[in-house]
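Residue-level structural notes
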Amino acid sequence: MDKRSLDFYSSRNKENIIPDLSHFEDLVDAEIRGDRIYFITSTGKVLETRSSPKTRDLYWRIKLRNRRKAFGL
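Re the overall build of the chain
- Helices and strands together make up the secondary structure of the chain, namely two helices and four strands.
- If you list the helices and strands of the chain from N to C, you get β-α-β-β-β-α.
- Across the 73 residues that make up the chain, the buried fraction comes to 32%.
- Restricting the contact set of the chain to residue pairs at least 6 apart, pairs at least 24 apart contribute 51%.

Some details on the environment of Tyr38
- One can find Tyr38 in strand β3 (residues 36–41).
- Accessibility expressed as a relative area gives 16% for Tyr38, which makes it buried.
- Only 3.5 Å separates the side chain of Tyr38 from the side chain of Glu48, close enough to count as a polar contact.

Some remarks on the pattern of salt bridges
- In this structure the tally under the stated criterion is four salt bridges.
- Note that Arg33 is salt-bridged to Glu31, the shortest N-O span being 2.6 Å.
- One salt bridge connects Glu48 with Arg36, and the closest N-O pair in it is separated by 3.2 Å. With Glu48 in strand β4 (residues 45–50) and Arg36 in strand β3, this residue pair connects regions lying twelve residues apart in the sequence. Comparing Glu48 with Arg36, the two get one shared label, buried.

Overview of the pairing of β3
- A large share of β3 lies buried, amounting to six of its six residues.
- Along β3, one buried face is formed by Arg36, Tyr38 and Ile40 and the opposite face, lined by Ile37, Phe39 and Thr41, is buried too.
- Judged from the six bridges that link them, strand β2 (residues 27–33) and β3 form a sheet pairing that is antiparallel. Residue pairing for β3: Glu31 is matched across the bridge by Tyr38.
- Hairpin connection of β2 to β3: two residues between the antiparallel strands, including Gly34 at a positive phi of 65°.
- The sheet contact formed by β3 and β4 spans five bridges and is antiparallel.

The rules we used
- Residues numbered from 1 in each chain as written.
- Predicted model: local features only at pLDDT ≥ 70, side-chain atom pairs only at ≥ 80, totals over all residues.
- Heavy atoms only, no water.
- Helix = DSSP H or I, 4+ residues; strand = E, 2+ residues; numbered from the N terminus.
- Buried < 20%, exposed > 50% of the residue type's maximum accessible area, 1.4 Å probe, protein only.
- Contact = heavy atoms within 4.5 Å.
- Polar contact = N/O pair within 3.5 Å; in protein donor to acceptor, adjacent residues only side chain to side chain.
- Salt bridge = Lys/Arg side-chain N within 4 Å of Asp/Glu carboxyl O.
- Pairing = 2+ DSSP bridges.

Honestly, that's just the spatial picture; any functional story needs more than this.
Below, the structure is given as structure tokens:
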């Protein structure tokens, strides 16, 4: 996926992006950089949010789901 073609949405611009994160199946990948977590959606949006217990849990659910898919589990 070409990151230059992705739309970028930040928690600094939107007060609460958690409703955008509620559709777990639409989240393709996640990445942690410092105290921020970046979620990539199936539509090409990149959602940035601060790390919190809820977002870290979602991050690990995405990573485990992707790992299971990769190994055919």
